[in-house]
Amino acid sequence: MQTGEQMFFDNYTPAADITVIAVCFVIFILVMTSYMKKNTSFYIFINIVGFLLLAAFCDLFYHYRYTRITDGSYTSIYVLRCFYHAFLFSNMLLFVVYIVNLLHLEKFRKVPILVTSGIIYIVVISVDIVTTVSGKGFRLNKDGTHVSGLNIFLFGYLAFTIVIVTVLIRFRDRLYKRIMYALYGTIAVSVMIHVMQGIHSQSSFTVASFMFLVIAILYLLHSNPYNAELGAIDIKTLEDTINYNYKKKNELLIMSLYLPDCDAEGKGFPKKIQDVIRHFAEVFFKGAVLFQVSNGHVILVAKKKLNPDHENRKNKIINAFYPEYEKFQMDYKIVMGESIDEISRKNEYVSFIRNIHRKMPMNTMHMVTYDDVTEFNRYEFILNEVADIAKKQDPDDPRVLAYCQPVYHIKRGAYNTAEALMRLELPKIGMVFPDQFIPLAEENGYIHELTKIILHKTCMAIKSLIGENLWVKRISVNVSVLELRENSFADDICGIIEKSGIPVEKIAIEITESQTESDFMIMKDTIENLKEKGIKFYLDDFGTGYSNMERIMELPFDIIKFDRSLVIASSQDERSGKMVAGLAGMFKELGYSVLYEGVENENDEIRCTEMSAFYLQGYKYSRPIPIGELRRFFSPYQKELAASEEEISDDHNHKL
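All chains use their own residue numbering, which begins from 1 and follows the written sequence. Only residues with pLDDT of at least 70 are given local features in this predicted model, and only at 80 or more are side-chain atom pairs given and counted; all residues enter the totals for whole chains, interfaces and linings. Heavy atoms throughout the structure, all of them, feed into the side-chain values; hydrogens and water do not.

Undergrad: Explanation requested: unusual backbone geometry in the structure shown.
TA: Among all residues save glycine, negative phi is the norm, and among peptide bonds the norm is trans. Backbone geometry at Lys 249 places phi at a positive 60 degrees, although glycine is not the residue there. Despite not being glycine, Ser 612 has its phi angle at roughly 65 degrees, a positive value. Numbered from the N terminus, helices here are DSSP runs of H or I no shorter than four residues, and strands are runs of E no shorter than two. Its place among the elements puts Ser 612 in the loop between α22 (602-610) and β17 (615-617).

Undergrad: Explanation requested: the pairing of strand β7 (residues 333-338) in the structure shown.
TA: Walk down a regular strand and you will see the side chains alternate between the two sheet faces. Each residue's exposure class comes from its accessible area (1.4 Å probe, protein chains only) as a fraction of the maximum for that residue type: buried when under 20%, exposed when over 50%, partly exposed otherwise. For β7, the buried fraction is high: five of the six residues fall into the buried class. By the convention used here, strands pair only if DSSP detects at least 2 bridges between them. One ladder, built from six bridges, connects strand β4 (residues 252-258) with β7; its direction is antiparallel. Bridge pairing links Tyr 258 to Lys 333 in β7. By the bridge criterion, four bridges tie β7 to strand β8 (residues 364-367) in an arrangement that is parallel. Within β8, the position partnered with Lys 333 by the bridge is Thr 364.

Undergrad: Could you clarify how one ought to interpret the side chain of Ser 190 in this entry?
TA: Positionally, Ser 190 belongs in helix α7 (residues 177-199). A polar contact is formed between the side chain of Ser 190 and the backbone oxygen of Ser 209, at a distance of 2.9 Å. Every residue in contact with Ser 190, bar those within four places of it in the chain, is listed here: Tyr 157, Ser 209 and Phe 212. In protein, a polar contact requires one atom able to donate a hydrogen and another able to accept it; more generally it is a pair of N or O atoms within 3.5 Å, and residues adjacent in sequence count only if both atoms are side-chain atoms. Any two residues whose heavy atoms approach within 4.5 Å at even a single point are treated as in contact.

Undergrad: I tried to follow the environment of Gln 572 on my own but got confused; where do I start?
TA: Mapped onto the fold, Gln 572 is located in helix α20 (residues 564-572). Under the relative-accessibility criterion, Gln 572 is labelled exposed at 56%.

Undergrad: Can you walk me through helix α4 (residues 75-102) in this structure?
TA: One full turn of an α-helix is made of 3.6 residues, so residues set three or four places apart face in the same direction. The span you would expect from a helix comes to 1.5 Å times its residue count less one. Look at α4: 40 Å from first C-alpha to last across 28 residues, which is about the 40 Å you get at 1.5 Å a residue. Within α4, 21 of the 28 residues are buried, leaving the element largely enclosed by the surrounding structure. Just beyond α4, the residue with positive phi is His 104, at close to 50 degrees.

Undergrad: Quick question: what am I supposed to make of the nonpolar core here?
TA: The nonpolar side chains of a soluble globular protein tend to be buried with one another. In these notes, a set of buried Ala, Val, Leu, Ile, Met, Phe, Trp, Tyr and Cys residues joined through side-chain atoms within 4.5 Å is what counts as a nonpolar core. One finds Phe 557, Ile 560, Phe 562, Tyr 596 and Phe 634 to be the most contacted residues of the largest nonpolar core, which totals 98 residues. If one sorts the elements of this core by residue count, helix α16 (residues 447-467) sits on top with nine residues.

Undergrad: I'm lost on the sheet that holds strand β5 (residues 289-294) in this one. Help?
TA: By definition, the strands of a sheet pair up through backbone hydrogen bonds, in either a parallel or an antiparallel sense. Across the sheet, which stays open at both edges, the six strands sit in the order β3-β5-β6-β4-β7-β8 with mixed pairing between neighbours. Sheet topology places β3 (232-234) and β8 at the edges, where each strand pairs with a single neighbour. Taking the axes of each pair of neighbouring strands and ignoring which way they run, one obtains an average angle of 25 degrees across the sheet. Bridge count for β5 against strand β6 (residues 297-303) is five bridges, and the pairing is antiparallel. Following the sheet pairing, Leu 290 is matched in β6 by Leu 300. Of the strands in this sheet, β4, β7 and β8 touch helix α11 (residues 310-328), which is tilted by about 175 degrees from β7. Interaxial angles span 0 to 180 degrees and are taken between N-to-C directions of axes, which are lines fitted to C-alpha atoms, for helices over the stretch in contact.

Undergrad: Could you clarify how one ought to interpret the pattern of salt bridges in this entry?
TA: It is possible for side chains of opposite charge to pair when their charged atoms get near one another. Here a salt bridge means any side-chain nitrogen of Lys or Arg lying within 4 Å of a carboxyl oxygen belonging to Asp or Glu. If you walk through the whole model with that rule in mind, you get 28 salt bridges. Across the salt bridge formed by Asp 275 and Lys 271, the nearest N and O atoms sit 3.0 Å from each other. Placement of the pair is Asp 275 and Lys 271 together in helix α10 (residues 271-283), with a separation of four residues, close to one helical turn. Asp 275 gets classed as partly exposed once you look at its relative accessible area, which sits at 25%. What emerges from the salt-bridge pattern is a single network uniting Glu 385, Asp 388, Lys 392, Asp 397 and Arg 399.

Undergrad: What's the story with α16 in this structure? I'm lost.
TA: The end-to-end C-alpha distance of α16 is 30 Å, a good match for the 30 Å that 21 residues give at a rise of 1.5 Å each. Within α16, 16 of the 21 residues are buried, which leaves the element mostly enclosed by the surrounding structure.

Undergrad: Any chance you could explain the packing of aromatic side chains here in plain terms?
TA: Two descriptors summarise a pair of aromatic rings, namely the distance from one centre to the other and the angle between the planes of the rings. Aromatic rings from Phe, Tyr and Trp, with only the six-membered ring used for Trp, were paired whenever their centres fell within 6.5 Å, and each pair was classed as stacked if the ring planes differed by under 30 degrees, edge-to-face if by over 60, and tilted otherwise. For the structure shown, the criterion picks out 27 aromatic pairs. Ring plane angle 90 degrees and centroid distance 5.2 Å describe the contact between Phe 542 and Phe 587, whose orientation is recorded as edge-to-face. With Phe 542 in strand β14 (residues 536-542) and Phe 587 in helix α21 (residues 574-589), this pair connects stretches of sequence that are 45 residues apart. Taking relative accessible area as the criterion, Phe 587 reaches 0% and is therefore assigned buried. An aromatic cluster of three or more residues is present, and its members are Phe 89, Phe 153, Tyr 157, Phe 160 and Phe 210. Whether a charge sits over a ring comes down to the Lys NZ or Arg CZ being within 6 Å of the ring centre and within 35 degrees of the ring normal. Positioned over the ring face of Tyr 403 is Arg 423, at 5.4 Å from the centre of the ring.

Structure representation (structure tokens):
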């Protein structure tokens, strides 16, 4: 009859260890050809795979040597067996280290776990060596039979498994539940393999059972699949690539392609354009990697040292681009340059390139310079200040200034309305105008907090003007369409006005037209809700970009603001003048009041007055001024004036 240890040798099949070796090499290939985030966890994972590979090789040679020994010399068997166990226990120790690192445990929590695991590791390795040397553990007799002795591997395996499972259960709230469940399940399968091996006196699948957790970690925590059609990698890996090369002092070539038409939600690059982008990424630069920033934005990164002739290659890719542009005729913005230490250190190339996009005309190419870095630093400073303003939510924040531009009432021949305008006064850089900070506030979700501050300051200014017995019909405040998505928008507006103590009708809201169906419905409901409370609404910037007349008619606006571009267009030729006058006349007939903005001289004033104007606004009357200076324009309040004002007010019209 065979002994248990004899059966372990006789039942061994190398297929499982060979499979483990093959899988480990495949993992190394995947790691080399993909762009996983190279953080501490990644390097621990690579070592786990390495020790697993060594354990599989040791197991193969261990059994191979046993079948080849004929002279009774078993030293190599003992050495290989000890190394085999050492590699497996090193693997388990690294699993503990990996999980502790993954959970981001505090020092006082992780140190006892690591010390305990280190003690287990040292004890089991030492006992394995001592019992092997002393003959108290596994040994081979001269006739080739085996004696199991003390099975320290079993004790070590159970001890490490208990530590790993205990840590996962103890700190289960620190990881996404699905990941935790996957790790629990994988460990359970590994333990079952060991149990089944014991029942059937097998040892072939010991190393393979360790591979299951390696595969789970690779898939759950380190996989970063390509977009197979485009050949691009997820944007998150770009940050790691920049960080890695910055630490290695590798200079990079960076090229960005942005197609706005492809960037909307639910869109992306058409198949033919994907083929072109993939071809460009593969052909023009050695070792180039393509990253997808958004649906319509990709960034190509290549090492400069692999492309010493990079200037020539840049020219080639540019020359190849224009024929493709002629085929597709899609708007684009291209940014090209080399890595800059200051941007690499902060790892902010996506924000850096987007900031360049803001100033670029469509269908142009921009080569990065240090002036771009200076401008980006200014942008970063402004963004940080805006974020701080939004965070503090101080309605009297001194960094937010309330300016305004008076509006001329044609029939009255005087001023009693105005448009509130926002400015920022920031340390180090001084005055900042809306075109520099409003887009940043909108993109980063801070715009509503800024609107609440300017509305508060406008209400306080109105209260002060009324207190001086000045006639203030109303002052309008600009609002972003994005703000309407806030559930609290209407309550916030009404709450600020009510708290100020001024009549609600003294405030109007200016808003540009929505281009999406969902925003249109939200806008319609919000306008109707606030109009019931007495707030007037202006349609701002009519005549710029997208204008859907049907939707405009559905929205209960009171005043249509014709953009400066229409004022200019009306003076260019007779046909344009008739079109603008016709639009204004139509709005007047439908019960809207027309306000022309950008009136700069007497000719503009005469022409706009003849084109159904009710209000005029522009530099002819006043440049933007601090809101407190409105007292220079507004007249003292008189009941007779107010009464006659109502007779010629835009309020007497009702939309048909």
